[in-house]
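# Coordinate analysis (summary)
These are the residues of each chain, in order.
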Amino acid sequence: MTFDDVRALALAWPEVEDGTSYGTPALKVRKKLLTRLKEDGDSLVLPGVAQDERAMLVKSRLKLFYFTDHYRDYPIVLLRLSKAERADVEPLLRRQWRALASRKAVTAFDRG
């Protein structure tokens with residue numbers, strides 16, 4: 001996957017907008033970070049992943065998921081886009097979108 005693939009996926013959801021974060025391309029929901037491209041150009045910063053879940057993801061799929069000391073104390077996991085498929089990214093991204101989007105937008109999206 002590429003960030004453009006992630007972007008196309010997420011922009012189909014209500015209230016998602018292009019933006020920047022720390023000088024890199026980002027996607028935001030109501031001005032809050034949904035995800036961003038890390039400075040290395042290949043890693044996706046995925047907020048909303050609790051540390052216990054992150055530990056399980058990293059342990060089970062080390063080539064795909066990781067984190068750095070900078071993110072150690074935050075509910076964030078990093079994902080290598082070059083190793084990812086849509087099925088790896090979409091559930092984590094959608095869960096964070098649901099947490100950030102308005103109730104009205106989520107309800108409308110669920111209704112189809």
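Rules behind the numbers
- Residues numbered from 1 in each chain as written.
- Predicted model: local features only at pLDDT ≥ 70, side-chain atom pairs only at ≥ 80, totals over all residues.
- Heavy atoms only, no water.
- Helix = DSSP H or I, 4+ residues; strand = E, 2+ residues; numbered from the N terminus.
- Buried < 20%, exposed > 50% of the residue type's maximum accessible area, 1.4 Å probe, protein only.
- Contact = heavy atoms within 4.5 Å.
- Core = buried A, V, L, I, M, F, W, Y, C linked by side-chain atoms within 4.5 Å.
- Phe/Tyr/Trp six-rings, centres within 6.5 Å; stacked < 30°, edge-to-face > 60°.

### Quick word on the environment of Tyr22
If you trace the backbone, Tyr22 turns up in the loop between β1 (16–21) and β2 (24–29). What makes Tyr22 exposed here is its relative accessible area of 69%. Measuring from C-alpha to C-alpha, the distance between Tyr22 and Arg61 comes to 27 Å, with 39 residues separating the pair along the chain. When neighbours within four sequence positions are excluded, Tyr22 is seen to be in contact with Arg36 and Glu39.

### Re the nonpolar core
Side chains that are nonpolar tend, in soluble globular proteins, to be buried together. If you look at the biggest cluster of nonpolar residues, it comprises 29 residues, and the most contacted ones within it are Val16, Leu34, Leu44, Phe65, Leu79, Leu93 and Trp97. At the level of secondary structure, the elements contributing two or more residues to this core comprise α1 (3–10), β2, β3 (32–37), β4 (43–47), α2 (51–60), β6 (76–80), α3 (86–100) and α4 (103–111). In terms of residue count, α3 provides more of this core than any other element does, five residues in total. Look past the residues within four positions of Leu44 in its chain and what remains in contact with it is Phe3, Val6, Thr35, Arg36, Val77, Leu78, Leu79, Leu81 and Val89. By size, the runner-up hydrophobic cluster in this structure holds five residues, among which are Val45, Tyr66, Ile76 and Leu78.

### What to know about the packing of aromatic side chains
Counting across every chain of the model gives two aromatic pairs. Look at Trp13 and Trp97: their rings are 5.7 Å apart centre to centre, the planes differ by 40 degrees, and that puts the pair in the tilted class. Of the two residues, Trp13 is situated in the loop between α1 and β1 and Trp97 in helix α3; the sequence distance between them amounts to 84 residues. Given a relative accessible area of 4%, Trp13 falls into the buried group. With a centroid separation of 5.1 Å and an interplanar angle of 70 degrees, the aromatic rings of Trp97 and Phe109 are classed as edge-to-face. One end of the pair, Trp97, is in helix α3; the other, Phe109, is in helix α4, with twelve residues separating them in the sequence. Judged by relative accessible area, which is 28%, Phe109 ranks as partly exposed.

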